[in-house]
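Residue-level structure breakdown
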Amino acid sequence: MIESLMGTYAVLYREMLLFKYKLMRLGYVFYSISTPVLYLLAFGLGFGSRVQIPDYGAFLIQGIVCMSSMMNSFNMVSVSVGMGRLHSGAFQAVLTSPVSAAAVMRGLVISGIVRGLFACTMITVAGLAVFHVFPFSWLALVALILNTAFFSSAGVIVGTLIKDMEDHAVLTNFLMMPMAFFSGTFYPVDFLPSWLQKVIYLLPLSHANELIRAGRLTAETLPSFAILSLLTVTCFTAGVILLDRYSE
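Treat the numbers as computed from the prediction; the structure is a model and nothing was measured.

Before going further, it helps to examine empty space enclosed by the protein. Under the definition given, this model contains one cavity of 30 Å³ or more. Roughly 70 Å³ of internal volume is contained in the largest cavity. V11, R14, E15, S80, V81, G84, F91, V94, V104 and L108 are the residues that line the largest cavity. Of all the secondary structure elements, the ones that give two or more residues to the lining of the largest cavity are α1 (2-23), α3 (56-88), α4 (90-96) and α5 (101-131). Of the residues belonging to the lining of the largest cavity, the class tally is six nonpolar, two polar and two charged.

Taken as a whole, this structure holds two salt bridges when the rule is applied. In this structure, R14 and E15 form a salt bridge, with 2.7 Å as the shortest nitrogen-oxygen distance. By relative accessible area, E15 is classed as buried at 2%. Note that R115 and E15 form a salt bridge whose closest N and O atoms lie 3.1 Å from each other. One end of the pair, R115, is in helix α5; the other, E15, is in helix α1, with 100 residues separating them in the sequence.

Before going further, it helps to spend a moment on α5. Spanning 31 residues, α5 covers 44 Å between terminal C-alpha atoms, matching the ideal 45 Å at 1.5 Å per step. Phi turns positive one or two residues past the end of α5, at H132, with a value near 60°.

We now examine the nonpolar core. With 42 residues, the main nonpolar core has Y56, I64, V65, M67, M70 and F186 as its most contacted residues. Among the secondary structure elements, those contributing two or more residues to this core are α2 (26-46), α3, α5, α6 (138-161), α7 (165-182), α9 (204-212) and α10 (222-244). Examining the composition of this core, we find that 11 residues originate from one element, α3, more than from any other. Ignoring sequence-local partners within four residues, the contact set of F186 consists of Y39, F43, Y56, F59, L60, I64, M67, A180 and F181. With 18 residues, the next largest nonpolar core counts F91, A103, V104 and L108 among its residues.

A word on the packing of aromatic side chains. Under the counting rule described, the total for this entry stands at 11 aromatic pairs. An angle of 35° between the planes, with centres 5.3 Å apart, marks the rings of F181 and F186 as tilted. One aromatic cluster is present, built from ring pairs that chain together Y39, F43, F181 and F186. Taking NZ or CZ as reference, R213 lies 3.6 Å from the ring centre of F59, over its face.

Next up on the list: the packing of α3 against α5. Where α3 contacts α5, the two axes come as close as 8 Å, and the packing angle between them is 150°. As summarised for this structure, α3 and α5 are arranged roughly antiparallel, according to the angle between their axes. Of the two possible hands of crossing, α3 and α5 adopt the one that is right-handed. A breakdown of the residues in the contact of α3 with α5 according to their chemical character gives 13 nonpolar, 11 polar and one charged.

Looking now at the environment of V11. Positionally, V11 belongs in helix α1. The exposure class of V11 is buried, given its relative accessible area of 7%. Sequence separation of V11 and I162 is 151 residues, and the distance between their C-alpha atoms is 21 Å. V11 has contacts with V94, V99, V104, G107 and L108, leaving out every residue within four places of it along the chain.

Calculation rules
- Residues numbered from 1 in each chain as written.
- Predicted model: local features only at pLDDT ≥ 70, side-chain atom pairs only at ≥ 80, totals over all residues.
- Heavy atoms only, no water.
- 1 Å grid on protein atoms, 1.4 Å probe; cavity = no way out; pocket = protein on both sides within 12 Å on 5 of 7 lines; lining within 4 Å.
- Points joined across faces, edges and corners; volume = space filled by probe spheres on them.
- Helix = DSSP H or I, 4+ residues; strand = E, 2+ residues; numbered from the N terminus.
- Nonpolar A, V, L, I, M, F, W, Y, C, P; charged D, E, K, R; others polar.
- Salt bridge = Lys/Arg side-chain N within 4 Å of Asp/Glu carboxyl O.
- Buried < 20%, exposed > 50% of the residue type's maximum accessible area, 1.4 Å probe, protein only.
- Expected span 1.5 Å × (residues − 1).
- Core = buried A, V, L, I, M, F, W, Y, C linked by side-chain atoms within 4.5 Å.
- Contact = heavy atoms within 4.5 Å.
- Phe/Tyr/Trp six-rings, centres within 6.5 Å; stacked < 30°, edge-to-face > 60°.
- Lys NZ or Arg CZ within 6 Å of the ring centre and 35° of its normal.
- Axes fitted to C-alpha atoms, helices over the stretch in contact; angles between N-to-C directions.
- Parallel < 35°, antiparallel > 145°, perpendicular 65-115°, else oblique.
- Left-handed = near helix turned anticlockwise from the far one by under 90°.

Listed below in structure tokens is the structure:
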């Protein structure tokens, strides 16, 4: 048990050193928050007053924070794993070290959670400055942790499977971006056609958006909590199995 925790810490420490190095570069911080802040200003100030949604500013901040947690946790972990595997060989070095696959997975996923929550904090501060609201509860934090854990796990899987970084760009453009726009980030899912709503509710981000806006856990939000938790555990387990069987 102690060895497993030490292995997790070693992987996490390595990822956090890389994260610290990136934070010292202004371009990284700008990259992490520029697009979400642009969405916040464009949607919130551009036509927020014309949208028939009560307190649209709070609604928008919650959605963009949720979207940012998804994008940053997924992109940062998948790029770290993909680049380390395809170019530097650092990923193979980690896997051949005396650290279990589960420990490696935990370290990578926790690093993704930290990166995702960092971006969320920056967007929350920006939203607070623009709309003067802080529309979050304890359940929102739980939702963000589950959301970042799921997409960090997905990032490990994608980073392990892609053949080159172009594959990563394709997945981001054709899977992540549509999910960001159609999962209730900028407007309620109820605005969409009924047949599309059924598809949207299969996506993890829609459940994260549902929870982040709920305020508290109720009979209506419990299914979203259960589904998002189940998806996270399933994706994490699949990542552990993939790392354990990794051979290249």
